[in-house]
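Structural characterization, general
Read off the chains here:
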Amino acid sequence: MTTLVLCVDRADDIGRTVGVSMPVDGWDAVRSLVTEVGLADPEDSTVNCLLEGLRITRDLRADGESAVIAVVSGSGDSAVGADRSVAAQLDTLIDRHDPESAIIVTDSAEDERLVPIVESRLPVDSVDRVVVRQARDIESTYYLLKQFLADEQLRSTVLVPLGVGLLLLPALLVRFSVGVALAGLASLLGAAVLYKGLAIDVYLARLPDQIQDALYSGQVSVVTYAVAAGLALVGIFLGGLAVSPISDGVVLVPAMQFFYSSIPWLALAALTASAGRLLDELIEAGHIPRPYLNVPFGVIALGLVVRGFAGYFLERENALSHLQVAGLTVHPTQRLAVFVVSAIVVSLVGVRVAAKVASDHPEAVESDTEPADRS
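Reading the values: rules and limits
- Residues numbered from 1 in each chain as written.
- Predicted model: local features only at pLDDT ≥ 70, side-chain atom pairs only at ≥ 80, totals over all residues.
- Heavy atoms only, no water.
- Helix = DSSP H or I, 4+ residues; strand = E, 2+ residues; numbered from the N terminus.
- Buried < 20%, exposed > 50% of the residue type's maximum accessible area, 1.4 Å probe, protein only.
- Patch = residues over 30% accessible without salt bridge, like charges linked within 9 Å, V, L, I, M, F, W, Y side chains within 5 Å.
- Areas by Shrake-Rupley, 256 points an atom, 1.4 Å probe, with all protein chains shown as cover.
- Salt bridge = Lys/Arg side-chain N within 4 Å of Asp/Glu carboxyl O.
- pLDDT = per-residue confidence, 0-100.
- Contact = heavy atoms within 4.5 Å.
- Axes fitted to C-alpha atoms, helices over the stretch in contact; angles between N-to-C directions.
- Parallel < 35°, antiparallel > 145°, perpendicular 65-115°, else oblique.
- Left-handed = near helix turned anticlockwise from the far one by under 90°.
- Nonpolar A, V, L, I, M, F, W, Y, C, P; charged D, E, K, R; others polar.
- Phe/Tyr/Trp six-rings, centres within 6.5 Å; stacked < 30°, edge-to-face > 60°.
- Lys NZ or Arg CZ within 6 Å of the ring centre and 35° of its normal.
- UniProt positions renumbered as here; feature names shortened; annotations may be inferred.

As for its placement among the helices and strands, glycine 303 is situated in helix α12 (residues 290-316). Under the relative-accessibility criterion, glycine 303 is labelled buried at 12%. Residues glycine 303 and phenylalanine 259, spaced 44 residues apart in sequence, show a C-alpha to C-alpha distance of 9.7 Å.

A surface patch of nonpolar side chains, about 570 Å² in accessible area, is lined by Leu194, Tyr195, Leu198, Ile200, Tyr203 and Leu204. For the nonpolar patch, the elements supplying multiple residues, two or more each, are α8 (178-197) and α9 (200-217). By residue number, the principal contributor to the nonpolar patch is α9, which donates 3 residues. Take leucine 198: it is sitting in the loop between α8 and α9. With a relative accessible area of 58%, leucine 198 lands in the exposed category.

Fine structural detail should not be taken from predicted coordinates in areas where pLDDT scores are low. Scored by pLDDT, the chain has a mean of 80; 82% of the residues are at 70 or more. In the model, residues 364-375 has pLDDT below 50 throughout and makes 7 contacts with residues more than four positions away in sequence or in other chains.

Contact geometry of helix α2 (residues 27-40) with helix α3 (residues 46-62) gives a least axis separation of 9 Å together with a crossing angle of 155°. Taken together, the axis directions place α2 and α3 in an arrangement best described as roughly antiparallel. In terms of crossing hand, the pair formed by α2 and α3 is left-handed. Across the interface between the two elements, Trp27, Val30, Arg31, Leu33, Val34, Val37 and Gly38 of α2 pack against Val47, Leu50, Leu51, Leu54, Thr57, Arg58 and Arg61 of α3. For the contact of α2 with α3, the per-class residue count stands at 9 nonpolar, 2 polar and 3 charged.

The relative placement of two aromatic rings is captured by the distance of their centres and the angle of their planes. A full pass over the atoms with the stated rule returns 2 aromatic pairs. Ring centres of phenylalanine 258 and phenylalanine 259 lie 5.8 Å apart, and the angle between their planes is 70°; this geometry places the pair in the edge-to-face category. Taking the relative accessible area as the measure of exposure, phenylalanine 258 reaches 23% and is therefore partly exposed. Judged by centre distance (5.7 Å) and plane angle (70°), the ring pair of tyrosine 312 and phenylalanine 313 falls under edge-to-face. One cation-aromatic arrangement involves arginine 175 over phenylalanine 176; the distance from NZ or CZ to the ring centre is 5.2 Å. The ring of tyrosine 260 has arginine 307 sitting right over it, with the charged end atom 3.9 Å from the ring centre.

The next thing to look at is the UniProt feature "transmembrane region" (unreviewed entry) in the chain. Look at the UniProt record and you will see "transmembrane region" (unreviewed entry) annotated at residues 154-174, 180-204, 225-246, 258-279, 291-314 and 334-355. End C-alpha atoms of residues 334-355 are separated by 32 Å, and the span's content is 100% helix alongside 0% strand.

Here it is as C-alpha cells:
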C-alpha cells in the first residue's frame, strides 16, 4: 500500500520563488527543494509545509508503510487555470506511483480549496494544515477576511447595506435628531436583512422570466394578477383616505378604519387573482385541484371576519353609525355575530363544493396527493 504525501501550493509560490518544473516527487528532490525555497525566501511559510511533508513521510516509513512525498503547485493566469494545472500534475503522480491513498499538507486556507480535486482522484486519509506558530491568529484572521471579501454574495449582503447606512447617517444627523437618525439607520439595516433573509432578491430575479413564460403560454392569471394588483392599490388608497387623525395616542381606531374600508377591495383583488389561477388549472389540466377551490371561499370568509371585527370596534368607539334594518337598530355584538356566522357558512360551503368536485373527479384528487405519496 503506497501513500502519497502531497504538499499543495495553489498560489504557485514555489514556482515563482525558485522556478522549478512541477510536480516534484521523491525524498531527495523535495529535500533539495526545501533548501532552494528557504534560501530564496526564508520567511515563506511554504518551507514549513515542505518540512511537515518530509516529517510525515519519515514517520510513515518508520511504521513500515510505503510513502512517497510529492509537491504540486498551481500555475496559470486564473484560479481555474491553477486548479487544472494541479489536477494534471496529480494525474501524472498517480500514473507514476500508483498510490492507494493521500495525505494532504497545506499551509493556508486557500490551499485547502484543492482538497476536492485530490478527493476526486484518490481517497484522502488526512489533511494537515501547517500554521507558523508566531502568526497563527494573524494568518487565520487574514484568510478569513480575504475569503469574506472574495465572496461576491457576502459583499453585496453585508457591505452594501452597511455602506449605504454609513453614508445616510451623517445626513440624518444634520436634518433630524440622534434618535430619529439611529431609528432610520436601524430600519434600513433591518429591511436589508429581511430582503435577503426572505429571499426577496431571488424572487425578484426570477419574476421577469416567470412573467415572460406566462405571457408566452397564454395564461389567464397574468391579466387577473394585474387587475388584482390594481384593486389592491384601490383598497389601500381608500383605506388611507378613511383614516382619521390619531387622537390621544390611540392607534386602534385609525387601524380599524383602514381595514374596514380596504378589506372589500383587498378581498376582491384576492378573488380575482384566484379566479385567474383556477382558469389556468382548468384550461391546462381539464379539472380544478381541490386546494384551488378552497381559496375563493377562504378569502371571502376571512374578509367577512376582518370587516366584522373592524366594524364592531368602530361602532363601539362611535366612529361608525349603527346598522339599521327595517327601522330597528342592530347592536354591534349582533352585527359581529352575523359576520362571523356568515364566514363560517361560507367556509362550510367551500368545503362542500370541494368535496363534491373531488367525488365527481377522483383523478384530480389522485393527482393532488401523488407528490405527497412519493415523498
